[in-house]
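# Commentary on secondary and tertiary structure
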Amino acid sequence: MAEKTPQELIQIDLKPPKKDWFDPTIDFKARRGSWSYPGAGKNLKYMGFANPREWSPMDDDWQLPDDWQRIIFEGMRERLQKYRSFQVFMDICVRCGACADKCHFFIGSGDPKNMPVLRSELLRSVYRNDFTMFGKVLGSIAGGRKMSVEILKEWYYYFFQCTECRRCSVYCPYGIDTADITMMARELMMLVGLNINWIVEPVANCHRTGNHLGIQPHTFKDNIEFLCEELEETVGLTIEPSINRKGAEILFVLPSADYFADPGIFTFMGYLMLFEQIGLDYTFSAYASEAGNFGLFTSHETIKRLNFKVFHEAKRLGVKWIIGGECGHMWRVLHQYMDTMNGPAADFLEVPKSPITGTVFENARATRTVHITEFTSDLIKHGKLKLDPSRNDKYRVTFHDSCNPSRAMGLLEEPRYVLKNVVNNFYEMPENTIREHTFCCAGGAGLGNDENMEMRLRGGLPRGNALKHVRDAHDVNLLSCICAIDRATLPPLAEYWAPGVEVSGVHELVGNALVMEGEPERTTNLRGEPLKVEEETTDV
């Protein structure tokens, strides 16, 4: 947790800095708590990434390749030719500032270089110097900067203070996707061996064992069996999901945090209960035991490498289509990248059709993959579930629109529809902080590590402020979301900015409310807490 109190952290100096923004100097020693540890050499080496070694941002010498400037130049030229959007985004920004105050990191830090327009300018200035006629002739007069070690260090500091949440893009009159600029900057840094370990280690683990946590297939199976035993104690029913079963109709993929860490495990229990109740013919894969994709924070090539295993397993197991669990970056990859990146990857699968309601999910025709809240909301709409919302009456619930499912794929109403059918007390945060305008958890895109905690909490100020508002106005005590990263990063944010609010997934609440056939009388929720809210009595 940050050493500063909330009252100290909100003392934000918004006066323009004395230094010109052209000055790239970063004192990493003085800025502890706002940057992340670099990728370990062993992880870079395992993935075949460039320049594996051990180093620290506080070192004077970052041990860059001798020809690092040429590598960056050639990498930028290649990407300008390959990605038309990158070229357009470098050229069309008029620096209007519409995005300036939309970034949670700028709001929480007051650092001008965390304005999306200026953060992008850190890369755009080098582009302008090396790839435009005006920049080549006029240099700094045209806004160009000659690439240097100091600028590269500045990139590392600020492009790993962007969670790729895309909130700024909602307000850009030209539709510039600043997240794509961050992705390009990170790709360029990867070419000379610069990344953070909170990204590189999960990538290496996922490539090695199929999931971010490095859990091997037998441990994956053991974890599921343990959670089924816990579920039997709570619900009183035996559930035996299948793993690696060929011929199942549906492959269910999910983030590894859902079967490993609190509070995700309770969401996982909700999945199991739902599928058991409706008799769904599904299977897990112990080899594609992670549908999350940290390649999104590394490079387009890494996205493709990690995404491939999901569809390879779907083909090997002979399933018809795929359901995906509550995970943010998984859904941006599946929704926006997979179909063209694996090109087309899912032509051996069928267009998803619910075996319970008969609904054909036409929106999933390209990817053959349906989000769990789409699937569950369809079941509820057709009256296929018996639900008792009073089982969640101890909770007064609000909903956090996770950035990637909401802004990137428009998944706005389905989770709300599910929640409003499984809880009696639901309250929205202020309108300008939800749906397309949602504020980020400030720990996504690989930034959810402990050494970066002060910047996480600064970036979490807007979400924390909205959460505190509904806590104070409506006694909200539970923040629900559909992202595994959110379930990991929001608890410390809530504890800091809105104490007394817990965090859950949507399907944890589904599991609490679901009345299963043959179940004995239930007395506790999935967390083992009493279902009934104890009423306070006053002695007369």
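Preceding this section is the structure that the text describes.
Quick summary incoming for the structure in this document. (Residues numbered from 1 in each chain as written. Predicted model: local features only at pLDDT ≥ 70, side-chain atom pairs only at ≥ 80, totals over all residues. Heavy atoms only, no water.)

## Notes on helix H18 (residues 413–422)
Threshold: A 1.4 Å probe rolled over the protein chains alone gives each residue an accessible area, and that area as a share of the maximum for its type sets the label: buried under 20%, exposed over 50%, partly exposed in between. Strands here mean DSSP runs of E at least two residues long; helices mean DSSP runs of H or I at least four residues long; both are numbered from the N terminus. The arc in question is formed by the directions pointing from the helix axis toward the C-beta atoms. Note on contacts: a residue pair is in contact if any heavy atoms of the two residues lie within 4.5 Å.
What H18 keeps buried is the set Pro415, Arg416, Val418, Leu419 and Val422. Considered in projection along H18, the buried side chains sweep an arc of 160° and stay on one side of the axis. Buried residues belonging to H18 abut helix H16 (372–381), strand E5 (397–399), strand E6 (478–481) and helix H22 (506–513).

## So, the nonpolar core
Most often, soluble globular proteins keep nonpolar side chains buried together rather than apart. Short version of the rule: Think of a nonpolar core as a cluster: buried Ala, Val, Leu, Ile, Met, Phe, Trp, Tyr and Cys residues, connected wherever their side-chain atoms sit within 4.5 Å.
Of all hydrophobic cores here, the largest spans 93 residues; its most connected members are Met76, Leu123, Leu152, Trp155, Tyr156 and Leu194. Counting 72 residues, the second largest nonpolar core, distinct from the first, contains Leu231, Ile323, Ala346 and Phe399.

## A few points about the packing of helix H13 (residues 264–278) against H16
Filter applied, for reference: Helix axes use the C-alpha atoms of the stretch in contact, all axes being lines fitted to C-alpha atoms, and the angles between their N-to-C directions lie in the range 0 to 180 degrees. Angles below 35 degrees are treated as roughly parallel, those above 145 as roughly antiparallel, those between 65 and 115 as roughly perpendicular, and all remaining angles as oblique. We call a crossing left-handed when the near helix sits turned anticlockwise from the far one by less than a right angle, and right-handed when that turn is clockwise. Ten residues, namely Ala, Val, Leu, Ile, Met, Phe, Trp, Tyr, Cys and Pro, are considered nonpolar, four, namely Asp, Glu, Lys and Arg, are considered charged, and the remaining ones, Gly among them, are considered polar.
Close contact between H13 and H16 brings their axes to 13 Å; oriented N to C, the two are set at 45°. It follows that H13 is oblique to H16 by the angle criterion. Viewed along their axes, H13 and H16 form a crossing whose handedness is left-handed. On H16, the residues touching Tyr271, Leu274, Phe275 and Ile278 of H13 are Ile372, Phe375, Thr376 and Leu379. Residues that form the contact of H13 with H16 fall into these classes: seven nonpolar, one polar and no charged.

## What about the state of the cysteines?
How we decide: Criterion for a disulfide: a pair of cysteine sulfur atoms within 2.5 Å.
Under the defined criterion, the tally for this structure stands at zero disulfides. As a non-bridged cysteine, Cys96 has Cys172 as the owner of its nearest cysteine sulfur, 6.2 Å distant.

## Examining the pattern of salt bridges
Worth spelling out the cut-off: When a carboxyl oxygen of Asp or Glu is within 4 Å of a side-chain nitrogen of Lys or Arg, the pair counts as a salt bridge.
Scanning all chains against the criterion turns up 35 salt bridges. For Arg435, the salt bridge identified is with Glu428, shortest N-O distance 3.8 Å. Given the relative accessible area of 18%, Arg435 is considered buried. Measuring nitrogen to oxygen at the nearest pair gives 2.9 Å for the salt bridge that ties Arg471 to Asp472. When salt bridges with common partners are traced through the structure, they connect Asp401, Glu413, Arg416, Glu428, Glu431 and Arg435 into a single cluster.

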